[in-house]
Amino acid sequence: MRSVVPVLAVVAVILAIWYLACLPMNIHTALTNAERAGVAVQPEGAAERRDRSGIGLALTNPGQWADTWAQDKPRLPAPHQVLAELWDTTAMKKVTSKRSLVFHGWITLSATLLGFAIGTGMGIVLAIGIVHSRAMDMSVMPWAIASQTIPILAIAPMIIVVLNSVGVQGLLPKAIISAYLSFFPVVVGMVKGLRSPDAMQFDLLRTYNASRGQTFAKLRLPASVPYLFASLKVGIAASLVGAIVGELPTGAVRGLGARLLTGSYYGQTIQIWSALFATAVLAAVLVALIAGAERMTLKRMGLGR
Amino acid sequence: MTLVLSALILWAAAWWLNVRLANGPTAHTPATKLLVPVIFGLTLLIMWELIVRGLNVPLVILPAPSLIAARFAQSLPILWADFVQTFVKGALSGYAIGCAAAFVTAILIDRSDFLRRGLMPVGSFVAALPIVGTAPILVMWYGFDWQSKAAVVVVMVFFPMLVNITAGLQETTQMQRDQMQTWAATYWQGLWKLRLPAAMPFVFNGLKISSTLALIGAIVAEFFGSPIVGMGFRISTSVGQLALDMVWAEIVVAAIAGSVFYGVVALIERWVTFWHPSQRR
């Protein structure tokens, strides 16, 4: 709680810097517009101003500051413009409309969640296999760790196009990329978790004559839960990135990634920024949901603080 | 059909060999630990080759490893140019700038408890966001060449680095700091001789995470616009031409670059933080 004031102060400073940054970034367009409207600006002529620095132009033309925060296609939109666009495209549009961010967000979210479920499920199964089979551990584990250093995202376009050519379209290709990205963090974290009970605890279960299955259900699985949740938080964020990048190569018709791409094609900067904030909110909500589930689960298990 | 069958037989034989090796008396020797994953990887590769040939999988779906290797060997100059454009110019320069900026920021906010309490939650929040999304904006600002890719990488690595360095600087105990005080050490002496070395495991954790992020950022940023050279550019255009052998060759380059980059950082870590328990053998 004692961090509230500092955090608010930092956010306020960031907003102030953002508004100030709009001045030099957008002043060239603002001056051109003003000159067309017949207002005297310093210096005259767009060609004259082209090579001047934004800061200098902003200082010599304080009368045009207001316009730098209110353009249609600014280089850097002001915070209130982004918020207005976010409000306009979420609350004011019907959710089925193609201009609604809720619609695009849902497309991305469904791919993310499907991929996350597939990736997590397969990751847990593989981790269980790894802790129970030495051969599997020694063959697969080094590759699982090495694959985390590889930019897996690079194969996203290929997966989309190849699946497209075999006739698989829509949700599934994106979900596969998401699954792939969330798969390895879960494997690595889960293996660590299933191995986390110490030798004394395993010995105790052996004195009870517990079978492998019982050891797994009563000791390994509960012990792995904190590790699983830590990987899930990494995994869901990776899944979202995967789904967004998966929307880029198909020419991007629907989804938050498509909003980013079409925005960059047509110079709709406000649209890009609002899509960016929508992804940020989505990521934050997803991570917060998992963190909440983690707190509740650990509390029920007596591990919470 | 015989090719597919021999693939399955090969799989069974290699698996049997690996089970024998893993449960045998030599399982704990370094040679076996290296041999088992290598056998596994080679088996997968040969099975891929045999199955693709056996089932006549078309090139546009999955090229055989031999074709990818041939393409790789033929297009070395192109791949090298792409590597220089994306990795050396885009990823490495952005990585250096981003990590240096995070380092300076961490030192600056270190003296103020207020700033640290304010920036840390914001920093960890931003570090969890899909920052690749800033790529279209930065490409718009800095143009299509490597500068915009470096900018994306800077933004991507800055926050994970900042959070890690700041956490690392908190790592010393009160007792250790008091000890520095009894020696009349100045702030900078305390920082240089005690707190920075103690922060190094955290710093390298951040550097390792960022090394992967840097390459991802540089490649994905090229999907939003690039000159006609670069790994991301080559991947997206080759996919469009259905030249999948080229795409795979590019992925091999990315995999090698990524793991060598990570390996170099890990080596430097072993050399710098030799005192840390995780480095003892």
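Computed from a predicted model, the values in this text were never measured in an experiment. (Residues numbered from 1 in each chain as written. Chains lettered and ligands numbered in written order. Predicted model: local features only at pLDDT ≥ 70, side-chain atom pairs only at ≥ 80, totals over all residues. Heavy atoms only, no water.)

1. Brief notes about the side chain of Ser274 of chain A
Residue and element names in this part refer to chain A.
Thinking step 1. Mapped onto the elements of the fold, Ser274 is located in helix H13 (residues 269-300).
Thinking step 2. Owing to a relative accessible area of 1%, Ser274 belongs among the buried residues under this scheme.
Thinking step 3. A distance of 3.0 Å separates a polar side-chain atom of Ser274 from the backbone oxygen of Gln271.
Thinking step 4. In contact with Ser274, not counting residues within four places along its chain, are Val82, Glu85, Leu86 and Leu101. (Helix = DSSP H or I, 4+ residues; strand = E, 2+ residues; numbered from the N terminus. Buried < 20%, exposed > 50% of the residue type's maximum accessible area, 1.4 Å probe, protein only. Polar contact = N/O pair within 3.5 Å; in protein donor to acceptor, adjacent residues only side chain to side chain. Contact = heavy atoms within 4.5 Å.)

2. A word on the domain arrangement of chain B
Thinking step 1. When cut into domains, chain B gives domain 1 (2-57) and domain 2 (72-279).
Thinking step 2. Each of domain 1 of chain B and domain 2 of chain B was reduced to a C-alpha centroid, and the two centroids are 36 Å apart. (Domains from an automatic or database assignment.)

3. Here we look at the domain arrangement of chain A
Residues and elements named next belong to chain A.
Thinking step 1. You can read the domains of chain A as domain 1 (4-76) and domain 2 (101-300).
Thinking step 2. A straight line from the C-alpha centre of domain 1 to that of domain 2 covers 42 Å.
Thinking step 3. Between domain 1 and domain 2, the residue contacts involve seven residues of the former and seven residues of the latter.
Thinking step 4. Area buried by domain 1 at its contact with domain 2 is led by Trp18, Lys73 and Pro74, which between them contribute 67% of it.
Thinking step 5. At the boundary of domain 1 with domain 2, the tally comes to zero salt bridges.
Thinking step 6. Seen at the junction of domain 1 and domain 2, the total is one residue pair in polar contact (both at pLDDT 80 or more). (Buried area = accessible area lost by both parts, 1.4 Å probe. Salt bridge = Lys/Arg side-chain N within 4 Å of Asp/Glu carboxyl O.)

4. Here we look at the UniProt feature "transmembrane region" (unreviewed entry) in chain A
Thinking step 1. UniProt records the feature "transmembrane region" (unreviewed entry) for residues 7-27, 106-131, 143-163, 175-194 and 265-291 of chain A in the present numbering.
Thinking step 2. Spanning residues 106-131 of chain A, this segment combines 100% helix with 0% strand, and its end C-alpha atoms are found 37 Å apart. (UniProt positions renumbered as here; feature names shortened; annotations may be inferred.)

5. Quick look at the nonpolar core
Thinking step 1. Within the largest apolar cluster, 126 residues are counted, with the highest numbers of intra-cluster contacts made by Met158 and Val245 of chain A together with Tyr95, Leu207 and Val220 of chain B.
Thinking step 2. At 14 residues, the largest contribution of residues to this core is made by helix H9 (residues 187-222) of chain B. (Core = buried A, V, L, I, M, F, W, Y, C linked by side-chain atoms within 4.5 Å.)

6. Notes on the packing of H9 of chain B against helix H11 (residues 244-272) of chain B
All names here are of chain B.
Thinking step 1. H11 packs onto H9 with a crossing angle of 165° between their chain directions and a minimal axis gap of 10 Å. On the basis of the axis angle, H9 is roughly antiparallel to H11. Taken as a pair, H9 and H11 cross one another with a handedness that is right-handed. Here Met200, Pro201, Phe204, Leu207, Lys208, Ser211, Thr212, Ala214, Leu215 and Ile219 of H9 come into contact with H11, specifically with Ala254, Ala257, Gly258, Phe261, Tyr262, Val265, Ala266, Ile268, Glu269 and Val272.
Thinking step 2. A class-by-class count of the residues in the contact of H9 with H11 yields 15 nonpolar, three polar and two charged. (Axes fitted to C-alpha atoms, helices over the stretch in contact; angles between N-to-C directions. Parallel < 35°, antiparallel > 145°, perpendicular 65-115°, else oblique. Left-handed = near helix turned anticlockwise from the far one by under 90°. Nonpolar A, V, L, I, M, F, W, Y, C, P; charged D, E, K, R; others polar.)

7. Looking at the pattern of salt bridges
All names here are of chain B.
Thinking step 1. In total, this model carries 11 salt bridges over all chains according to the counting rule given.
Thinking step 2. Notably, a salt bridge pairs Asp82 with Arg234, separated by 2.8 Å at the nearest N-O pair. Placement of the pair is Asp82 in helix H4 (residues 76-110) and Arg234 in helix H10 (residues 231-240), with a sequence separation of 152 residues.
Thinking step 3. For Asp82, a relative accessible area of 0% puts it in the buried group.
Thinking step 4. Overall, the relative accessible area of 17% leaves Arg234 in the buried class.
Thinking step 5. Between Asp113 and Arg116 there is a salt bridge; the shortest N-O distance is 2.8 Å. Note that Asp113 and Arg116 are positioned in helix H5 (residues 113-127) at a spacing of three residues, about one turn of the helix.
Thinking step 6. The exposure class of Asp113 is partly exposed, given its relative accessible area of 34%.
Thinking step 7. Under the relative-accessibility criterion, Arg116 is labelled buried at 16%.

8. Quick notes on unusual backbone geometry
Negative phi is the rule for most residues except glycine; trans is the rule for most peptide bonds.
Residues and elements named next belong to chain B.
Thinking step 1. One non-glycine residue, Ala184, lies in the positive phi region at around 60°.
Thinking step 2. One can find Ala184 in the loop between helix H8 (174-182) and H9.
Thinking step 3. Non-glycine residue Leu242 carries a positive phi angle of around 60°.
Thinking step 4. Looking at the secondary structure, you find Leu242 in the loop between H10 and H11.

9. Examining the UniProt feature "transmembrane region" (unreviewed entry) in chain B
All names here are of chain B.
Thinking step 1. Within this numbering scheme, the UniProt entry marks residues 32-52, 59-80, 92-110, 122-144, 150-169, 213-235 and 247-272 as carrying the feature "transmembrane region" (unreviewed entry).
Thinking step 2. Helix makes up 100% of residues 32-52 and strand 0%. Its end C-alpha atoms lie 30 Å apart.
Thinking step 3. As a span, residues 92-110 carries 100% helix and 0% strand, and end to end its C-alpha atoms are 27 Å apart.

10. Some thoughts on the confidence of the model for chain B
Residues and elements named next belong to chain B.
Thinking step 1. Here chain B averages 87 in pLDDT, while 99% of its residues score no lower than 70.
Thinking step 2. Mean pLDDT values over the elements of chain B span from 82, in H5, up to 91, in H4.
Thinking step 3. Two numbers describe this predicted complex: its pTM, 0.84, and its ipTM, 0.80. (pLDDT = per-residue confidence, 0-100.)

11. Observations regarding the interface of chain B and chain A
Thinking step 1. The partner chain A presents 52 residues to the 52 residues of chain B that form the contact.
Thinking step 2. Summed over the three residues of chain B that lose the most area to chain A, namely Arg117, Pro130 and Trp141 of chain B, the buried surface amounts to 15% of that side.
Thinking step 3. Remark: the boundary between chain B and chain A carries zero salt bridges.
Thinking step 4. On the surface where chain B and chain A come into contact, there are three residue pairs in polar contact (both at pLDDT 80 or more).
Thinking step 5. A breakdown of the residues in the side of chain B that touches chain A according to their chemical character gives 38 nonpolar, 11 polar and three charged.

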